[in-house]
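# Geometric and topological summary
Spelled out, the chains give:
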Amino acid sequence: TLHTDPEPDLRRLVVITNRWHMERVRAIFSHVFSISPPQLRYELEFDSDIEDGLPQEVVAVRSEREQQSATAFRTTAAKTPTLALLHRFMFSEHMAYAAARHTVEQ
């Protein structure tokens, strides 16, 4: 919402990704944009008509992993009902973005 909240013309958003990624993407975007400031309401549309060209066995593995990640995110969403709490989670707990994880003792 950092990039969309200040722009009044950006209230209808289309999110496009691969079909195997869509469940988690839908969960994340729906959560993030539902907890934006109440006066800012967004209309989200999701499209997964992208042909990724990956072999079926790769898609199957990625789909399974994405399903697990979507389930995990739903737990996170329940614990982050505000943008402040979501931000705190992303930058202090999430294993890909937690700043403390990237520090090196001197």
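Residues numbered from 1 in each chain as written. Predicted model: local features only at pLDDT ≥ 70, side-chain atom pairs only at ≥ 80, totals over all residues. Heavy atoms only, no water.

### With respect to the overall build of the chain
Scanning the chain from terminus to terminus reveals three helices and two strands. Tracing the chain from N to C terminus, the helices and strands come up as β-α-β-α-α. Put simply, the chain has 106 residues, and 28% of those count as buried. Residue pairs in contact within the chain that sit at least 24 positions apart in sequence constitute 66% of those at least 6 positions apart. Accessible surface computed for the chain: about 7,600 Å², of which carbon and sulfur atoms make up 56%. (Helix = DSSP H or I, 4+ residues; strand = E, 2+ residues; numbered from the N terminus. Buried < 20%, exposed > 50% of the residue type's maximum accessible area, 1.4 Å probe, protein only. Contact = heavy atoms within 4.5 Å. Areas by Shrake-Rupley, 256 points an atom, 1.4 Å probe, with all protein chains shown as cover.)

### Quick word on the packing of aromatic side chains
Here the structure, examined in full by the defined rule, presents two aromatic pairs. Seen in terms of ring centroids, Phe-29 and Phe-33 are 6.1 Å apart; in terms of plane orientation they differ by 20°. Their pairing is stacked. With Phe-29 and Phe-33 both in helix H1 (residues 22-34) and four residues apart, this pair spans about one turn of that helix. By relative accessible area, Phe-29 is classed as partly exposed at 32%. Among the residues examined, Phe-33 registers a relative accessible area of 9% and is labelled buried. Between Phe-33 and Tyr-42 the ring centres are 4.7 Å apart and the planes differ by 70°, which places this aromatic pair in the edge-to-face class. According to the relative accessible area criterion, Tyr-42 is buried, its value standing at 14%. Among the aromatic residues, those joined into a cluster by ring pairs are Phe-29, Phe-33 and Tyr-42. (Phe/Tyr/Trp six-rings, centres within 6.5 Å; stacked < 30°, edge-to-face > 60°.)

### So, the pattern of salt bridges
Opposite charge on two side chains lets them pair, provided their charged atoms get close. Tallied over the entire structure, the rule returns four salt bridges. For Glu-45, the salt bridge is made with Arg-12, and the minimal N-O distance between the two is 2.8 Å. Residue Glu-45 is located in strand S2 (residues 43-47), and its partner Arg-12 is located in strand S1 (residues 12-16); the two are separated by 33 residues in the primary sequence. Using a relative accessible area of 51% as the deciding quantity, one classes Arg-12 as exposed. Linking Arg-24 and Glu-66 is a salt bridge whose minimum nitrogen-to-oxygen distance equals 2.7 Å. Of this pair, Arg-24 sits in helix H1 while Glu-66 sits in helix H2 (residues 56-79), and the two are 42 residues apart along the sequence. Within the structure, one salt-bridge network assembled from shared partners comprises Arg-12, Glu-43 and Glu-45. (Salt bridge = Lys/Arg side-chain N within 4 Å of Asp/Glu carboxyl O.)

### Let's talk about H2
Its 24 residues place the ends of H2 35 Å apart at the C-alpha level, agreeing with the 34 Å of an ideal helix rising 1.5 Å per residue. Where the residues of H2 are buried, they touch H1 and helix H3 (83-92). (Expected span 1.5 Å × (residues − 1).)

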